[in-house]
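Listed below, chain by chain, are the residues.
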Amino acid sequence: MADFDLRRLVPPHVRAFEAYRPSNPDSELMRLYGVDHLHRLNNNENALGPAPTVREVVDSFPPGAVPVYPNGDCFDLRHSLAGRFDKDAERFLVGNGSCEVIASVIKAFCEEGDNIVTADRTFAVYEWVAEFSGIKARLIPLKDMAFDPRGMLDAMDERTKVLFVCNPNNPTGTYWDKATMDAFLDEVAGRAVVVIDEAYCEYVDRDDYPDGMSLVERHPNVIVFRTFSKMYALAALRVGYLCGSVEVVDMVRRTHVVYSVNTLAQRCAQAALENDAPFIAATRAMVREARELLCPMFDSMGLEYIANEGNYLMVRVPMPDTLMYRKLMRKGVMVRTMTGFRFPNWIRVSLVQRPVMEDFCRAFGQVLDETA
Amino acid sequence: MQDRDQSVSLKLAAEARFIPLVQGVVEQGAAAFGLDRGKALRLTMAAEELLSHLAETSGGVAVDLTLTPGGWCVRADFSFVADPSDLWAMNLAAREDIGPGKSMDRLGLLLAARMSDGFEIRLDGRVVHLELRQDHAYEAANPRPVRVVDARGEVVMVDDPEPALIREACALAVDHYPAHLVNETFFTPGKAADMVARGDMNAVVAVDSAGTLAGLMVWRSPSERSVGFCGPYVFVRGGGTAGFLEARMLATVARTKAVSLFSELGTDDLTAENYELLGRLPLGRPGPRGDSGLGDGPEGVELDIRFRHLREDSGRAVWAHPSMRSFLEAAYDRLVLMRDIREADHAGANLPERSVFSARLRPELGIATLAPMVVGRDADRAVADHVRALTRDGYRSILFRLDLAHGWQATLAGSLADNGFSPRLVLPDAGMADVVVFLHG
Ligand SMILES: Cc1ncc(COP(=O)(O)O)c(C=O)c1O
């Protein structure tokens, strides 16, 4: 066999990067932890879904469509989005989850020596994609659990290409109101692209919450990210998209892989947009009820928690979060540990239907009693 | 491209006639890299000892000698491709059977180790590395009288602390803590600062709002997947310094390759709820540093070993020898760690004739840490020989680490049990998989 020097072929920033390892499939986890059920409270999925319109598409999906390639750039879905938001379909770019469009944006704007600016304690994928692409991620500490606009502006230099703002933030649920967002965008003044990740926007019911879809009209440097994985409950199908000015989207499209979104995903996403108001209202009610169950319990236990927008909350536990995870898994409850989000000893819990939340409360209380 | 390290290398055959050549290269190279004369000579003698060992045991093998300046040290690395059947000669205890009519009258490797500040035998694929380390001479810090003051205002972390600040923080740790809890390098603060500057050790420093040093914490990565820390060292009253230091460390290591974090020297100031207690390990006996603070008895002291995972544990399979099964089951049950235990035994396996163990020696503390590189049919005797040789050389704490990712390593537990070792603790994800630490005696 010829010598194959892998190290020589792989750039240093890739060698140094640690691949994200998703957890084992549920069946394997259930076997290892010796449980016969597993409540998934770790990925902020919407357990109420999918909406009836989506179920119909799934049930009637014709096997004859399987051998055929999907539409390469989600033509129909982009036109549905265009109609929904009253914009040109060319202003939308759909990806295999919004994670894929994060990568496309960084590839489109950054080259060696450039940097991106985001928060230290937010969705990790902005930082990861930058680092494994050899781009420096400048991580600004959260201030009062929220993105710090001043800190981000101060961190900008002439090599800053993209600022990522997660609004509302995963995992703290904080958001910038309209005034904060406007002041920030005015001060960036077009010097860099501002990505506003609105993965959880449909969960926010606040008058002062800025709508990215109108911000892109006033600011040509703004790109909005949205996803069908969260509120619309299509996580298994992987569909997310971005929206910006025609010129910006045209640049990002150049670095974006076509045909990455499958046919079923495209059709379900379109169906999810149809008459979505009742489904969104029902989901919001479910999340509200879950929050109202958990917060008083944490109060009574004297535990610190962060419960703002989004279908999740965080609570600080009196032990390593990674130990709490194992103990809850033994009881059939899977939560997200927060050490990796730089919140050691915090767990994040997705807010779902009442019976599951009650199971969580019981398991959580038992673990604390056992350790006390 | 310029070689940042400016290392010097030499290719030669392991033959006695090249000893003067190696002496010359090491002595003059070490001097060029700034080692003082006494230290350069010690490195030279150790290198000479190694080459003659190789000439006796593996005569003629092609050796690469690399001399590398490490900022705070100089390393001499002898590497060569060894035929698996010849590897045994790299055992610390190797002395017999070196060929027809020959026998070694001394343990060259142990001699070389004794003259060095660090000594390591490891296998990298098929390449054996014998690495000697000699540290630069640094001014020593001696404990000064302490006066603990209240923190003034808010305690904050210093970003990219200056070397001078790190040196002062090390000296304060020496003042404030019993020596056995102080990271060894702090006794020579200049060395600690140089190690931090080169990225061989990580440090976080905290100050209060008056600029008074409030605390220090250090850590390093003994393996790709693990982090070991010392501290937190706190110099002021109040202000939550320990918690801030730990939080900064956790934030820094949280998105790296590291899976597990361990306390190497955990102080009483650490935040207990940040960790899980694994058990206790001996810290060694009083060292040559005079009053090392290691306690009165010759047995020295033991220290709690704490750990936390940095990621969710999704369970895994581990190998175990039947003799350690009940120990493992109890440990995993207590730690709520899900493991499929697979039994591995010698039975029927086509084993090589002889075993080879890697070794990390800390002569100043009397600690030897061994791990298997090859487990052969002679495992029982090899373990016994190592214990004998190390005990004779003054090592009182002999530890053996088995990585349960490998069935062949797990099989060694039988020989360890037969030779007076017992399993003391499980270090989750400290190696490729969990590592079990055995202690002799
Ligand atoms: C803030 C945020 N953005 C983006 C995503 C990625 O969503 P997807 O790739 O499923 O569209 C997530 C998912 O967890 C998220 O929390």
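Residues numbered from 1 in each chain as written. Chains lettered and ligands numbered in written order. Predicted model: local features only at pLDDT ≥ 70, side-chain atom pairs only at ≥ 80, totals over all residues. Heavy atoms only, no water.

Draft legend 1. Spatial organisation of the packing of helix α13 (residues 277-301) of chain A against helix α15 (residues 354-371) of chain A. All names here are of chain A. The contact between α13 and α15 brings their axes to 10 Å, and the two run at 15°. With respect to each other, α13 and α15 are oriented roughly parallel. Note on packing geometry: the crossing formed by α13 with α15 is right-handed. Contacts between α13 and α15 involve Glu289, Ala290, Leu293, Leu294, Met297, Phe298 and Met301 from the first element and Arg354, Met357, Glu358, Phe360, Cys361, Phe364, Gly365 and Leu368 from the second. (Axes fitted to C-alpha atoms, helices over the stretch in contact; angles between N-to-C directions. Helix = DSSP H or I, 4+ residues; strand = E, 2+ residues; numbered from the N terminus. Parallel < 35°, antiparallel > 145°, perpendicular 65-115°, else oblique. Left-handed = near helix turned anticlockwise from the far one by under 90°. Contact = heavy atoms within 4.5 Å.)

Draft legend 2. Here's a closer look at empty space enclosed by the protein. All names here are of chain A. This structure, assessed with the given rule, holds five cavities of 30 Å³ or more. Of the pockets and cavities examined, the second largest cavity occupies roughly 100 Å³. As for the second largest cavity, its lining consists of 14 residues, of which Gly72, Asp73, Leu93, Val94 and His256 are closest to the centre. The leading source of residues in the lining of the second largest cavity is strand β2 (residues 92-95), at three residues. Looking at the lining of the second largest cavity residue by residue, the class counts come to eight nonpolar, three polar and three charged. (1 Å grid on protein atoms, 1.4 Å probe; cavity = no way out; pocket = protein on both sides within 12 Å on 5 of 7 lines; lining within 4 Å. Points joined across faces, edges and corners; volume = space filled by probe spheres on them. Nonpolar A, V, L, I, M, F, W, Y, C, P; charged D, E, K, R; others polar.)

Draft legend 3. Local environment of the sheet that holds strand β17 (residues 356-362) of chain B. All names here are of chain B. Read across the sheet, ten strands follow the order β1-β2-β3-β5-β4-β17-β18-β19-β21-β20 without closing on themselves; strand pairing throughout is mixed. This sheet does not close on itself; its edge strands, each paired only once, are β1 (8-13) and β20 (421-427). The mean inter-strand angle of the sheet, taken between neighbouring strand axes irrespective of direction, is 25°. Sheet analysis places strand β4 (residues 118-124) next to strand β5 (residues 127-135), joined by seven bridges and oriented antiparallel. Each bridged residue has a counterpart across the sheet, and for Asp124 the counterpart in β5 is Val127. Along the sheet, helix α1 (residues 19-32) makes contact with β1, β2 (62-69) and β3 (73-81), crossing β2 at roughly 15°. In this fold helix α7 (residues 325-335) packs onto β20 and β21 (435-440), with an angle of close to 30° to the strand it touches most, β20. (Pairing = 2+ DSSP bridges.)

Draft legend 4. View of a nonpolar patch on the surface. Residue and element names in this part refer to chain A. On the surface, Tyr69, Val258 and Tyr259 cluster together into a nonpolar patch covering about 390 Å² of accessible area. Tracing the backbone shows Tyr69 in the loop between α4 (52-59) and α5 (75-85). Assessed through its relative accessible area of 69%, Tyr69 is described here as exposed. (Patch = residues over 30% accessible without salt bridge, like charges linked within 9 Å, V, L, I, M, F, W, Y side chains within 5 Å. Areas by Shrake-Rupley, 256 points an atom, 1.4 Å probe, with all protein chains shown as cover. Salt bridge = Lys/Arg side-chain N within 4 Å of Asp/Glu carboxyl O. Buried < 20%, exposed > 50% of the residue type's maximum accessible area, 1.4 Å probe, protein only.)

Draft legend 5. Focus on the pattern of salt bridges. In total, this model carries 58 salt bridges over all chains according to the counting rule given. When the shortest N-O distance is used, the salt bridge between Glu45 of chain A and Arg40 of chain A registers 3.1 Å. Since its relative accessible area comes to 26%, Glu45 of chain A is described here as partly exposed. Under the relative-accessibility criterion, Arg40 of chain A is labelled partly exposed at 30%. A salt bridge links Arg381 of chain B to Asp385 of chain B; its shortest N-O distance comes to 3.7 Å.

Draft legend 6. Looking closely at the environment of Asp378 of chain B. All names here are of chain B. Secondary-structure assignment places Asp378 in the loop between β18 (367-374) and α8 (379-392). For the pair Asp378 and Val356, spaced 22 residues apart in sequence, the C-alpha separation works out to 9.8 Å. Asp378 has contacts with Glu353, Arg354 and Ser355, leaving out every residue within four places of it along the chain.

Draft legend 7. Spatial organisation of unusual backbone geometry. Of note, the amide linkage connecting Gly49 of chain A to Pro50 of chain A takes the cis form, showing an omega dihedral of 0°. Tracing the chain through its elements places Pro50 of chain A in the loop between β1 (39-41) and α4. Here the residue pair Asn167 of chain A and Pro168 of chain A is connected by a cis peptide bond, since its omega of 0° sits within 30 degrees of zero. Note that Pro168 of chain A resides in the loop between β5 (160-166) and α9 (178-188). Positive phi values are uncommon outside glycine, yet Asn44 of chain A reaches one of about 55°. Checked against the element boundaries, Asn44 of chain A lands in the loop between β1 and α4. Residue Asn44 of chain A is classed as buried on the basis of its relative accessible area of 1%. If you check the backbone angles, Asp160 of chain B has positive phi at about 45° while not being a glycine. Residue classification places Asp160 of chain B among the exposed positions, given a relative accessible area of 76%.

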